[in-house]
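# Summary of the model geometry
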Amino acid sequence: MSGSDPEELLPLSPAVFHVLLALADAERHGYGIIKEVEARTGGRVRLGPGTLYGSIKRMLEQGLVEESDERPDAELDDERRRYYRLTDFGRRVASAEAERLSGLVKVARAKQLLSRA
Amino acid sequence: MKTPKINASRSRRAYAVLLAAYPREFRREYGREMALVFDDRCRERSTGGAAALARLWGEALLDLALTAPREHLERLRGGGGVMKTLRTVATAVATYAFTLLVVAPLYARNTGAMPGFVNNLIDALISTGLIFNFVFLVLTLTRRLEGVRAVRAALALTTLVVGALITLMEFSPGAHAHLNLRIVVAQVLSLLVWFTAHLWWVLRKGRAGPPATA
């Protein structure tokens, strides 16, 4: 799958895109992803455990994310948890989705549906 | 006024039970971490009182209701799962249809012409068969247990149900048929018949090779 064209997976579901964004700058475990998404969206998006791990399962199958072997510092590490990180393919898919959404925003702006620049 | 703390351990246990709504493979892979996430949620809202607890459970149940069916559907879509399930359902439905439409009416019409023990045996085969097949079908479809373990569990559950029904009938007011050795032997024989039939079926399936989803 990682050799595929990122465009084939678009559009992404909101949950998948949020998980990709959460992992774009750091490796995180499940709860870390949920907290990052909540913080970034001002609490408007709250991923439930079923939504999160269902998305992660499909993203692992599609090669968008992978489990990380590296562990954080001992005092921060929770051995019970698995950490996830973006793959190169996952990063390309996230970029492609961001471009797609950016294109839509441009259209909305051109049609004066957005009040701010 | 002090806000009461959430009883987190009870919530955790309840959520761990609810995880059974997901397919077994999914539960094995992610169940522990899902429970950990729920645990974290409990902790972060532990001082919020009843309102926080209600919100926590509202979100958890909605999430479960939306995602568990999807995971089951995906499992069924994956390599041969649908055909395996359809075969199981078709076999069970055919058994029920045959029992209810052919065997039961024939038995009802000829019940007076047959020796007492044959009556008891057919009676037991029909009643036990309906319960045994139902239990086995539910266990197989929900994938709680599979193969020989499902047959054993179906035998145990059916024995319990049949035993309870016989006891109920025995002690119900106005009961006209009382428990005797013939009825007990007929019930035991019919349980053995259904147990053997299901065991033969799952062992034969096992020899035909593992399912494509395995």
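Residues numbered from 1 in each chain as written. Chains lettered and ligands numbered in written order. Predicted model: local features only at pLDDT ≥ 70, side-chain atom pairs only at ≥ 80, totals over all residues.

The secondary structure content of chain B amounts to seven helices and zero strands. In sequence order, chain B lays out its α and β elements as α-α-α-α-α-α-α. Within chain B, the proportion of its 214 residues that are buried is 20%. Considering only intrachain contacts with a sequence separation of at least 6, the fraction spanning at least 24 residues in chain B is 71%. (Helix = DSSP H or I, 4+ residues; strand = E, 2+ residues; numbered from the N terminus. Buried ≥ 20, exposed ≤ 12 C-beta atoms within 10 Å, placed from the backbone. Contact = placed C-beta atoms within 7 Å.)

This next bit is on the interface of chain B and chain A. Residue-level contacts link 15 residues of chain B with 14 residues of chain A. The dominant element in the side of chain B that touches chain A, judged by the number of residues it contributes, is helix α3 (residues 49-77) of chain B, at eight residues. By residue class, the composition of the side of chain B that touches chain A is eight nonpolar, one polar and six charged. (Nonpolar A, V, L, I, M, F, W, Y, C, P; charged D, E, K, R; others polar.)

Within the secondary structure, Leu 101 of chain A is located in helix α4 (residues 88-110). Overall, the presence of 14 C-beta atoms within 10 Å leaves Leu 101 of chain A in the partly exposed class.

Residue and element names in this part refer to chain A. Across the junction of Leu 10 and Pro 11, the peptide omega takes the value -5°, indicating a cis bond. Tracing the backbone through its elements, the reader meets Pro 11 in the segment before α1 (14-23). In this model, Gln 112 sits at a positive phi of 55°, which is unusual for a non-glycine residue. Among the secondary structure elements, Gln 112 is positioned in the segment after α4. Residue classification places Gln 112 among the exposed positions, given that 7 C-beta atoms sit within 10 Å.

Glancing now at the sheet that holds strand β3 (residues 83-86) of chain A. Residue and element names in this part refer to chain A. Strand order in the open sheet formed by three strands is β1-β3-β2, with antiparallel pairing between adjacent strands. Of all strands in the sheet, those bounded by a partner on one side alone are β1 (28-29) and β2 (65-67). Two elements, β1 and β3, share two bridges in a ladder whose sense is antiparallel. Looking at the pairing, His 29 lines up with Tyr 83 of β3. The sheet contacts of α1 involve β1, β2 and β3, and relative to β3 the element is tilted by about 95°. (Pairing = 2+ DSSP bridges. Axes fitted to C-alpha atoms, helices over the stretch in contact; angles between N-to-C directions.)

With that settled, the discussion passes to the pairing of β3 of chain A. Note: β2 of chain A against β3 of chain A, three bridges, orientation antiparallel. Following the sheet pairing, Val 65 of chain A is matched in β3 of chain A by Leu 86 of chain A.

One rule of thumb: low pLDDT means the predicted coordinates there are not for detailed reading. Predicted confidence across chain A gives a mean pLDDT of 90, with 90% of residues reaching 70 or more. Within chain A, the element-level pLDDT minimum falls on β1 of chain A, averaging 93, and the maximum on α1 of chain A, averaging 96. (pLDDT = per-residue confidence, 0-100.)

Now for the packing of α1 of chain A against helix α3 (residues 49-62) of chain A. Residue and element names in this part refer to chain A. It is at 10 Å that the axes of α1 and α3 come closest, and there the two elements cross at 80°. One finds that α1 runs roughly perpendicular with respect to α3. Only Thr 51, Ser 55, Ile 56 and Met 59 of α3 make contact with α1, whose side of the interface consists of Ala 15, Val 16 and Val 19. Partitioning the contact of α1 with α3 into residue classes produces five nonpolar, two polar and no charged. (Parallel < 35°, antiparallel > 145°, perpendicular 65-115°, else oblique.)

With that settled, the discussion passes to the nonpolar core. Ranked by size, the top nonpolar core spans 37 residues in total, and within it Val 19, Leu 20, Leu 23, Ile 34, Ile 56 and Val 65 of chain A carry the most contacts. Broken down by secondary-structure element, the contributors of at least two residues to this core are α1, α2 (30-40), α3, β3 and α4 of chain A together with α2 (24-44) and α3 of chain B. When sequence neighbours within four positions are dropped, the list of residues in contact with Val 19 of chain A reads Ile 33, Ser 55, Ile 56 and Met 59 of chain A. Counting residues in hydrophobic clusters, the runner-up holds ten residues, among them Ile 131, Ala 150, Leu 155 and Leu 191 of chain B. (Core = buried A, V, L, I, M, F, W, Y, C linked by C-beta atoms within 7 Å.)

Moving on, we get to the environment of Ile 126 of chain B. Residue and element names in this part refer to chain B. Inspection of the secondary structure puts Ile 126 in helix α5 (residues 116-142). For the pair Ile 126 and Tyr 107, spaced 19 residues apart in sequence, the C-alpha separation works out to 9.7 Å. Ile 126 has contacts with Thr 99, Val 103, Ala 104 and Tyr 107, leaving out every residue within four places of it along the chain.

On the secondary structure map, Tyr 96 of chain B appears in helix α4 (residues 81-110). With 38 residues separating them in the primary sequence, Tyr 96 of chain B and Phe 134 of chain B have C-alpha atoms 9.1 Å apart.

Packed helix pairs are specified by the crossing angle of their axes together with the interaxial distance, meaning the distance between the axes. Residue and element names in this part refer to chain B. Relative orientation of the contacting elements α5 and helix α6 (residues 147-171) amounts to 135°, with a least axis distance of 9 Å. Relative to α6, the element α5 is oriented oblique. The hand of the α5/α6 crossing is right-handed. From α5, Thr 128, Ile 131, Phe 132, Val 135, Phe 136, Leu 139 and Thr 140 reach across to α6, where they touch Ala 150, Val 151, Ala 153, Ala 154, Leu 157, Thr 158, Val 161 and Val 162. Its residues placed into classes, the contact of α5 with α6 shows twelve nonpolar, three polar and no charged. (Left-handed = near helix turned anticlockwise from the far one by under 90°.)

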